[in-house]
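Reading the structure
Here is how the chains run, residue by residue.
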Amino acid sequence: MRISLVVGDYLKHSCPVLVAGCFEEDGELEWITRLDRAMEGRLLPLCRQEDFAGKLDKTKMVHTLGRLPAERILLVGLGKRKDFTVERLRRASGTMVQVLKKARLERGSSLLLCVAGDEPAKIRAVAEGALLGSYEFSQYKTAAGDESAVTELTFLCPDKNVRTSVESFVAEAVCVCDAVSFARDLVSQPGNVATPTYLAEKGLEMAARQGMTCQVLEREELERLGMEALLAVSRGSHQPPRFIILEYHGDGAKGRPVVLVGKGVTFDSGGISLKPGAGMERMKDDMAGAAAVLGTLQAAAALRLPLHLVGLVPAAENLPGGGAYKPGDVVTAMSGKTIEVINTDAEGRLLLCDALHYAQRYRPAALIDLATLTGACIVALGNVATGLMGNDNNLKRSLQRAGEASGERVWELPLWEEYGELMKSDIADVKNAGGPTAGTISAGWFLQQFAGKARWAHLDIAGTAWEEKGQPHIPKGATGVGVRLLIEYLRAIC
Ligand code: BES
Ligand code: MN
Ligand code: ZN
């Protein structure tokens, strides 16, 4: 979708559809009043109709029948003025593109910038909602569907003096949303395409595009490093493991790097502790943490953020082949700690523990991992929030603030030492699964054992990586969660 900016009077602007935001308290809005006058008083009664009334997520489309150069007006509800937030604006802009898609309108012009005022976050949100909402993954559809893509969106800019600043905020939103789409594409790809080797190729391509470095470690190198936990997971599959190292060094970057780690299980069958069949197809999304890391590095580079950023992606496929690791096996992680495998379906933490240990060599200013780690996190928080754990209050607070600002909310769970009891093994230093209680926390506790002295936070995105129903700015399927959250976090520490 292309976005352009036009300064000028919307009453004189010709387009297939003119989109206007509307609060539940309608009459006071300048644009509604002016449009109503041009429509000879026919718009306000429609604004007030029971099924719309400016309510959030509701819309109303009317034909102008030649009263305006615009052929149609689409009213998008913004809810009550006092409840208005950046996230609601993002949603409203998403709702706009959903309606255009269904109505097969490929072009549209939007007045939503009028509601954004001069707030950068709101201006970005208008662009983000539209870009995020227009995402689709149609690569494998050979026949056209009954919706059409929105290809061109014009934002009408209320004031020519702000044009350049609005333009730069929109350009920033494009950088971020391109990266979200990149992450969503990686997650949407089926497991027979998106293998560890494929993730590594996409990492190399992205790095070349953005002028950053990317190094890919293969099996022999991982053996030399002693990453036996990662290697153990990979043994049940013919797909060889990969360890992807991305490094972006922005101009003006000072000090130690922020290191991001993303779980890259390209398909999680559970291994010998095989998962039940129903719903197993979703486990192609078990590399959503990896996708978020690749996406965040792309966006950081595209935005030229002045910081030093490292992305680490341990990638493997978890299958129950003849060489597979088994319950009862003991593996020695790169850190030297021994791990008793209780459940081969608790494989994510085995990839992450080696990556977190590897991260120590960067002496990170902050170390953040993202992983679709536990089903228990979906039980606790649903798809509304990402689980947050960590060993540093400042880092956790920063991520919570970034969550509020980006709309990708996080919610903290405790890592009290008592939870460590669950992970004690009779024959090794730790075990990889702790039984039916506190599943998300015990996984977080396990990871903490490998985070060393780093300021570390863990984000469990099991519930937020995949959208079941579809929201205005988050279509059904892969959400690309983490990219917007981390970019917001990184911006704040620059
Ligand atoms: N990838 C799964 C977690 C998951 C489950 C994500 C459902 C999204 C939806 C992870 O590897 C896993 O299988 N975790 C186990 C851990 C258990 C065996 C300790 C789980 O949550 O059941
Ligand atoms: Mn698993
Ligand atoms: Zn998994």
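The rules behind the values
- Residues numbered from 1 in each chain as written.
- Chains lettered and ligands numbered in written order.
- Predicted model: local features only at pLDDT ≥ 70, side-chain atom pairs only at ≥ 80, totals over all residues.
- Heavy atoms only, no water.
- Donors = N, O, S within 2.8 Å, 3.2 Å for Na, K, Ca; no water.
- Tetrahedral: all angles 85-135°; square planar, octahedral: opposite > 155°, others 65-115°.
- Helix = DSSP H or I, 4+ residues; strand = E, 2+ residues; numbered from the N terminus.
- Buried < 20%, exposed > 50% of the residue type's maximum accessible area, 1.4 Å probe, protein only.
- Core = buried A, V, L, I, M, F, W, Y, C linked by side-chain atoms within 4.5 Å.
- Contact = heavy atoms within 4.5 Å.
- Expected span 1.5 Å × (residues − 1).
- Phe/Tyr/Trp six-rings, centres within 6.5 Å; stacked < 30°, edge-to-face > 60°.
- Pairing = 2+ DSSP bridges.
- Near = heavy atom within 4 Å.
- Polar contact = N/O pair within 3.5 Å; in protein donor to acceptor, adjacent residues only side chain to side chain.
- Areas by Shrake-Rupley, 256 points an atom, 1.4 Å probe, with all protein chains shown as cover.
- Nonpolar A, V, L, I, M, F, W, Y, C, P; charged D, E, K, R; others polar.

What to know about the coordination of the zinc ion (ligand 3)
Ideal values for angles at a metal depend on the geometry: 109.5 degrees with four tetrahedral donors, 90 or 180 degrees with six octahedral donors. Those protein atoms acting as donors to the zinc ion (ligand 3) are Lys 263 (NZ), Asp 268 (OD), Asp 286 (OD) and Glu 347 (OE), and they sit at 2.0 to 2.4 Å. Taken together, the 6 donor atoms coordinating the zinc ion (ligand 3) span angles of 78 to 175 degrees at the metal, a pattern that classifies the geometry as octahedral. For the zinc ion (ligand 3), all donor residues lie on one chain, and their spacing in sequence is K-x4-D-x17-D-x60-E. Between the zinc ion (ligand 3) and the manganese ion (ligand 2) the interatomic distance comes to 3.1 Å, and Asp 268 is a ligand of both metals. In this pair, Asp 268 is assigned in strand β10 (residues 264-268) and Asp 286 in the loop between β10 and α10 (288-302), connecting sequence segments 18 residues apart. Looking at Asp 268, the relative accessible area reads 3%, which means it is buried.

Comments concerning the coordination of the manganese ion (ligand 2)
Around the manganese ion (ligand 2), the donor atoms from the protein are Asp 268 (OD), Asp 345 (O), Asp 345 (OD) and Glu 347 (OE), and they sit 2.0 to 2.2 Å away. Coordination at the manganese ion (ligand 2) comes from 6 donor atoms whose angles at the metal span 70 to 168 degrees, giving a geometry best classed as irregular. Sequence positions of the donors to the manganese ion (ligand 2) reduce to the motif D-x76-D-x1-E. Of the residues examined, Asp 345 reaches a relative accessible area of 21% and is grouped as partly exposed.

Looking at the nonpolar core
If you look at the biggest cluster of nonpolar residues, it comprises 62 residues, and the most contacted ones within it are Leu 246, Leu 297, Leu 309, Ile 487 and Tyr 489. Tallying contributions element by element places α10 first for this core, with 10 residues. Once residues within four sequence positions are removed from consideration, Leu 309 is found in contact with Leu 246, Glu 247, Tyr 248, Val 258, Leu 260, Leu 297, Ala 300 and Leu 490. Within the second largest apolar cluster, 54 residues are counted, among which are Leu 18, Leu 68, Val 126 and Val 166.

A look at helix α7 (residues 196-210)
Helix length check: α7 (15 residues) gives 21 Å between terminal C-alpha atoms against 21 Å at 1.5 Å per residue, within 8%. Looking at α7, one finds that the buried residues are Pro 196, Tyr 198, Leu 199, Ala 200, Gly 203, Met 206 and Ala 207. Next to the buried residues of α7 lie α6 (163-188), β7 (213-217), β8 (242-249), β10, α10 and β11 (308-318). Once α7 finishes, Gly 211 follows within two positions and takes phi at roughly 70 degrees, a positive value.

Examining the packing of aromatic side chains
Inspection of the entire model under this criterion finds 6 aromatic pairs. Ring centres 5.9 Å apart and planes at 55 degrees place the aromatic pair Phe 137 and Tyr 140 in the tilted group. When the ring of Phe 446 is compared with that of Phe 450, the centres are 5.3 Å apart and the planes differ by 40 degrees; the resulting orientation is tilted. What makes Phe 446 buried here is its relative accessible area of 0%.

Focus: the sheet that holds strand β12 (residues 330-332)
Pairing is mixed in the open sheet, where 3 strands are placed in the order β12-β13-β17. Each edge of the open sheet carries a strand with a single partner, namely β12 and β17 (430-431). Pairing of β12 with strand β13 (residues 338-340) involves 3 bridges; the strand directions are antiparallel. Bridge pairing links Val 330 to Glu 340 in β13.

Re the pairing of strand β18 (residues 456-460)
Burial within β18 is extensive, with 5 of its 5 residues counted as buried. Covered by surrounding structure in β18 are Trp 456, His 458 and Asp 460 together with Ala 457 and Leu 459, the residues of both alternating faces. As paired elements, strand β14 (residues 366-371) and β18 share 5 bridges and run parallel to each other. What sits directly across from Asp 369, in β18, is His 458.

A short note on the site of ligand 1
Of all residues adjacent to ligand 1, which total 17 residues, the nearest are Lys 275, Asp 286, Asp 345, Glu 347 and Gly 375. Here an oxygen atom of ligand 1 and a side-chain polar atom of Asp 268 are 2.9 Å apart. Surface burial for ligand 1 is 80%, taken as the share of its 510 Å² of free accessible area covered by protein chains. When its residues are assigned to classes, the shell around ligand 1 shows 5 nonpolar, 4 polar and 8 charged.

Details of the pairing of strand β5 (residues 107-110)
Pairing geometry for strand β2 (residues 18-22) and β5, over 2 bridges, is parallel. Within β5, the position partnered with Leu 18 by the bridge is Ser 109. Relative to strand β6 (residues 152-157), β5 is paired through 4 bridges, and the arrangement is parallel. Looking across to β6, one finds that Arg 107 is bridged to Glu 152.

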